[in-house]
Amino acid sequence: MKQPALFIPHGGGPCFFMDPTDPQHPHSDTMWQPMQDYLARLIADLPERPRAILLVSGHWETPGFTVHDGSQPPLLFDYFGFPPHTYQLRWDAPGAPALADRAAELLEQAGFPTARESERGWDHGVFIPMKVALPDADIPVAQLSLRRDLDPAAHIAAGRALAPLRDEGVLIVGSGMSFHNLRVRGAMATAPSREWDDALCDAVTDPDPARRAARVAAWDHMPHARFAHPREEHLLPLMVALGAGGEDAAICAHRSTVLGWTVSGYRFG
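Treat the numbers as computed from the prediction; the structure is a model and nothing was measured.

Draft legend 1. Expanded view of the nonpolar core. Formed by 93 residues in total, the largest nonpolar core has its most connected members in W91 and L162. Residues contacting W91, with those up to four places away along its chain left out, are L75, W122, V126, F127, M130, K131, L134, A137 and V141.

Written out as structure tokens, the structure is:
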């Protein structure tokens, strides 16, 4: 059965694995609970269990697209200033070398030179949301990098190239944040982040696929765009998911407020 393509919020650092009674860390607050609940339902809400997952995270950029083809990647604890126990988390899902090869083949057929990498650890854009969504770590995962130029059209086109994977039982996941400005929070962020999210949601769920892609590619013309994303690496995984979604309908599958930010997740198909 054909799998959807998803764009999910991955939270802030190890937010879902903090001590909720710890007053020293704002990520301990229960404000993250709705997002955690959404991620926990991610696999159960699919039409059937995927045979593998291809995930693109906002925390891995390379000059050109790169697939991780390792068989048992370690974890890369690429967050800072959190309690010691959050650097001892485990998530031991197997890699998916065959899927990585297939993804590279599809990208190269579409004209994207694609590199391979096998040593890098899974960053927290992978293992933090997936540890919630897939606590038993029993579905193989291959990671795809962003292209460092962060070109929206190129990432949408890459998603289109990868779309056949959905018919092969592969769940395509973009992992980022629909709002990502770490310098603002609380009341300062509330109104502009909501206006930005409303505009983004309207574009992503446009029923005309060609118009949808054009509108989202022009994201920086939306209200408060550069307030929401001073740098757009956390938005680009959405472009890949949108491209992979093709002509399928899109819905806003999650919306919550954290740190004054309105944050959304999307499902295509």
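There's more to say after this.
Draft legend 2. Here's a closer look at the packing of aromatic side chains. Per the stated rule, a full pass over the model turns up 12 aromatic pairs. Residues F77 and F127 carry aromatic rings whose centres are separated by 5.5 Å and whose planes lie at 75° to one another, so their mutual orientation is edge-to-face. Of this pair, F77 sits in the loop between β3 (65-68) and α2 (97-109) while F127 sits in helix α3 (residues 124-133), and the two are 50 residues apart along the sequence. With relative accessibility at 25%, the residue F77 sits in the partly exposed group. Relative accessible area serves as the criterion here: at 0%, F127 is assigned to the buried category. Within the aromatic cluster, the residues linked to one another by ring pairs are F77, Y79, F82, Y87 and F127. Above the plane of the ring of F17 lies K131, whose end atom (NZ or CZ) is 5.6 Å from the centre.

Draft legend 3. Spotlight on helix α8 (residues 236-245). Taken across its 10 residues, α8 has 10 buried, putting it largely inside the fold. Considered for burial, the residues of α8 that qualify are L236, P237, L238, M239, V240, A241, L242, G243, A244 and G245. Looking one or two places after α8, you find G246, whose phi comes out positive at around 55°.

Draft legend 4. Seen up close, the environment of D45. Inspection of the secondary structure puts D45 in the loop between α1 (33-40) and β2 (52-62). Separated by 39 residues in sequence, D45 and P84 place their C-alpha atoms 33 Å apart.

Draft legend 5. Inspection of the packing of helix α6 (residues 209-217) against α8 at higher detail. Contact pair α6 / α8: the axes reach a minimum separation of 11 Å and the direction vectors enclose 170°. Classified by the angle between their axes, α6 and α8 sit roughly antiparallel to one another. Contacts between α6 and α8 involve R212, A213 and V216 from the former and L238, M239 and L242 from the latter. Looking at the contact of α6 with α8 residue by residue, the class counts come to five nonpolar, no polar and one charged.

Parameters at a glance
Residues numbered from 1 in each chain as written. Predicted model: local features only at pLDDT ≥ 70, side-chain atom pairs only at ≥ 80, totals over all residues. Heavy atoms only, no water. Core = buried A, V, L, I, M, F, W, Y, C linked by side-chain atoms within 4.5 Å. Buried < 20%, exposed > 50% of the residue type's maximum accessible area, 1.4 Å probe, protein only. Contact = heavy atoms within 4.5 Å. Phe/Tyr/Trp six-rings, centres within 6.5 Å; stacked < 30°, edge-to-face > 60°. Helix = DSSP H or I, 4+ residues; strand = E, 2+ residues; numbered from the N terminus. Lys NZ or Arg CZ within 6 Å of the ring centre and 35° of its normal. Axes fitted to C-alpha atoms, helices over the stretch in contact; angles between N-to-C directions. Parallel < 35°, antiparallel > 145°, perpendicular 65-115°, else oblique. Nonpolar A, V, L, I, M, F, W, Y, C, P; charged D, E, K, R; others polar.

As far as function goes, none of this settles anything; it's purely spatial.
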